[in-house]
Amino acid sequence: MRSPIDLRKKLVQITLEKKQLTNVVARVGIVLDITGSMQTLYKNGTVQEVVERILAVASKFDDNGALDVWVYDTHFSRLPSVTEQDFGQYVENNILNNNAIHKFGRNNEPPVMEDVVKKYTDEEDDGTPVFIIFINDGGVVKPIKKVITAASVHPIFWQFVGIGHSDFEVLRQLDTMEGRVVDNANFFHLDDIAAVTDEVLYDQLLNEFPSWLKAAKEKRIIR
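Everything quoted here is computed from the prediction, not taken from an experiment. (Residues numbered from 1 in each chain as written. Predicted model: local features only at pLDDT ≥ 70, side-chain atom pairs only at ≥ 80, totals over all residues. Heavy atoms only, no water.)

## Section: the overall build of the protein
Thought 1: What the protein contains, in helices and strands, is nine helices and six strands.
Thought 2: In terms of overall dimensions, the protein is globule-like: its C-alpha atoms have a radius of gyration of 16 Å, near the 17 Å expected for 223 residues.
Thought 3: Counting across all 223 residues of the protein, residues that qualify as buried make up 54%.
Thought 4: Contacts in the protein between residues at least 24 apart in sequence constitute 80% of all its contacts with a sequence separation of at least 6. (Helix = DSSP H or I, 4+ residues; strand = E, 2+ residues; numbered from the N terminus. Rg over C-alpha atoms; globule rule 2.2 N^0.38 Å. Buried < 20%, exposed > 50% of the residue type's maximum accessible area, 1.4 Å probe, protein only. Contact = heavy atoms within 4.5 Å.)

In structure tokens, the structure reads:
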């Protein structure tokens, strides 16, 4: 029997073909909200499932097939990357059972975002485009706008996914934010991410990435 990750990779491939992204190589990272309101989604397996679903995207895009992972509340942690070899129980082993991680506090997005930028521009600057999927269930702080504006000169695209029933006021304003070299962020909202099919999820995740790639190449952000 084929594993779910193989089936998901097939669905990602179909989405890439549809959006003419089949020749794109990109680094893929996921940033996971671990504030107090997310507790149930960690404990009932939803977050593990999200990691597995996004790993299929990394497996098709990434030069090494790895998904880079961060979690954050008031503090943040950069975690070991996840691969097809070790994704089972990833959330349990690396997050829930990891006492070094600060969890279930309040929102503070800028520090984790700055660490994402640091990883791909200072530590590992090879010019490869970066696709960041940022999972959040509301309460994003306004200063993220400053970080996103400053990061628009880098080859990093931020795909925010709002889950649950917050108003996501700050994230909804991303598309109309002025002052950026290119539009480097997108947002969509899912009431219940567990109820959304893989096809719909991949289609929405990869909606604005192609137009950002084009704009970033024109502005020579991607070399």
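## Comments concerning the packing of helix α5 (residues 109-123) against helix α6 (residues 144-151)
Between two packed helices, both the angle of their axes relative to each other and the distance between the axes serve to describe the pair.
Thought 1: Running from N to C, α5 and α6 cross one another at 15 degrees; their axes reach a closest spacing of 9 Å. With respect to α6, the element α5 is oriented roughly parallel. Between α5 and α6 the crossing geometry is right-handed. Where α5 abuts α6, its residues Glu 109, Pro 110, Met 113, Glu 114 and Val 117 lie against Ile 144, Val 147, Ile 148 and Ala 151.
Thought 2: When grouped by side-chain class, the residues that make up the contact of α5 with α6 number seven nonpolar, no polar and two charged. (Axes fitted to C-alpha atoms, helices over the stretch in contact; angles between N-to-C directions. Parallel < 35°, antiparallel > 145°, perpendicular 65-115°, else oblique. Left-handed = near helix turned anticlockwise from the far one by under 90°. Nonpolar A, V, L, I, M, F, W, Y, C, P; charged D, E, K, R; others polar.)

## A word on the sheet that holds strand β2 (residues 67-72)
Thought 1: Read across the sheet, six strands follow the order β3-β2-β1-β4-β5-β6 without closing on themselves; strand pairing throughout is mixed. The sheet is open, and its two edges are formed by β3 (76-82) and β6 (185-190), each paired on a single side. Put simply, the sheet's adjacent strands are angled 20 degrees from each other on average, direction ignored.
Thought 2: By the bridge criterion, six bridges tie strand β5 (residues 156-163) to β6 in an arrangement that is parallel. (Pairing = 2+ DSSP bridges.)

## Some words on the environment of Val 153
Thought 1: Turning to its location among the elements, Val 153 is positioned in the loop between α6 and β5.
Thought 2: Spatially, the C-alpha atom of Val 153 lies 6.3 Å from that of Val 181, the residues being 28 residues apart in sequence.
Thought 3: In this view, Val 153 contacts Val 181 and Ile 221; residues no more than four positions away in its chain are not counted.

## Points about the pairing of β5
Thought 1: When you tally the buried positions in β5, you get eight out of eight residues, the bulk of the element.
Thought 2: Across the two faces of β5 the burial is the same, with Ile 156, Trp 158, Phe 160 and Gly 162 and Phe 157, Gln 159, Val 161 and Ile 163 all buried.
Thought 3: Bridge analysis of strand β4 (residues 130-136) against β5 gives seven bridges, and the strand direction is parallel. For Ile 132, the partnering residue across the bridge sits in β5 and is Trp 158.

Keep in mind that these numbers describe shape and distance, not what the molecule does.
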